[in-house]
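Fold and contact review
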Amino acid sequence: VQLVESGGGLVQAGGSLSLSCAASGLTFRYYAMAWFRQAPGKEREFVAAISWVGGNTYYADSVKGRFTISRDNAQNMVYLKMNSLEPEDTAVYYCAADLTSDSADLLDSTKYNYWGQGTQVTVSS
């Protein structure tokens, strides 16, 4: 299994970025997908997830209303559209995948077996 993130970069506060994650080596449509992030000196935290059943979406309170997760099962891709970015959103963003179907597990990084290498997002004030 390989997950490859792209789309990170430097943006001013209030701006937007779109992250992409290309998945290979798995039957993508059966996997829940998520984005996590880790800022320097902080633990990895949940950002957003999308289930494989019904495409239900889940968001951290800190990004709700600003970020949108989506998936394209035909292209084996998952996306994170980030609007109204804040300096506090600065972090390395990771794509993750797992077969879990439990909505509670979707928010838990320890439940994910597969991870990308991460992409840096920097928001300047």
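For clarity, every value in this text was computed on a predicted model and none was experimentally measured. All residue numbers refer to positions counted from 1 along the written sequence of the respective chain. For a predicted model such as this one, the threshold for reporting local features is a pLDDT of at least 70, and the threshold for listing and counting side-chain atom pairs is 80 or more; totals across whole chains, interfaces and linings nevertheless cover every residue. Each side-chain value is worked out from all heavy atoms of the structure, with water and hydrogens disregarded.

By definition, a disulfide links the sulfur atoms of two cysteines through a covalent bond. Whenever a pair of cysteine sulfur atoms sits within 2.5 Å, that pair is classed as a disulfide. This model, assessed by the stated rule, comprises one disulfide. Covalent S-S linkage joins C21 and C95, the inter-sulfur distance amounting to 2.1 Å. Between C21 and C95, the S-S dihedral sits near -80 degrees, and the bridge is therefore left-handed. Taken as a pair, C21 in strand 3 (residues 17–24) and C95 in strand 9 (residues 91–98) lie far apart in primary sequence, 74 residues in all. Of the residues examined, C95 reaches a relative accessible area of 0% and is grouped as buried. The numbering of helices and of strands both runs from the N terminus, where a helix is a DSSP run of H or I of at least 4 residues and a strand a run of E of at least 2. Here's how the labels work: a residue is buried when its accessible area is under 20% of the maximum for its type, exposed when over 50%, partly exposed in between, all with a 1.4 Å probe on protein chains only.

Turning to the sheet that holds strand 7 (residues 67–72), a few remarks are in order. Paired strands, as defined in this entry, are two strands with at least two bridges between them according to DSSP. One open sheet accounts for four strands, arranged 1-3-8-7; its pairing is antiparallel. In this open sheet, the two strands that pair with only one neighbour each are strand 1 (2–6) and strand 7. Between one strand axis and the next, the sheet turns by 15 degrees as a mean value, whatever way the strands run. Bridge count between strand 1 and strand 3: five bridges; the pairing is antiparallel. Each bridged residue has a counterpart across the sheet, and for V4 the counterpart in strand 3 is A22. Fitting a line to C-alpha atoms yields each axis, with helices limited to the stretch in contact; the angle taken between N-to-C directions then spans 0 to 180 degrees.

Worth remembering: the numbers are spatial, not functional.
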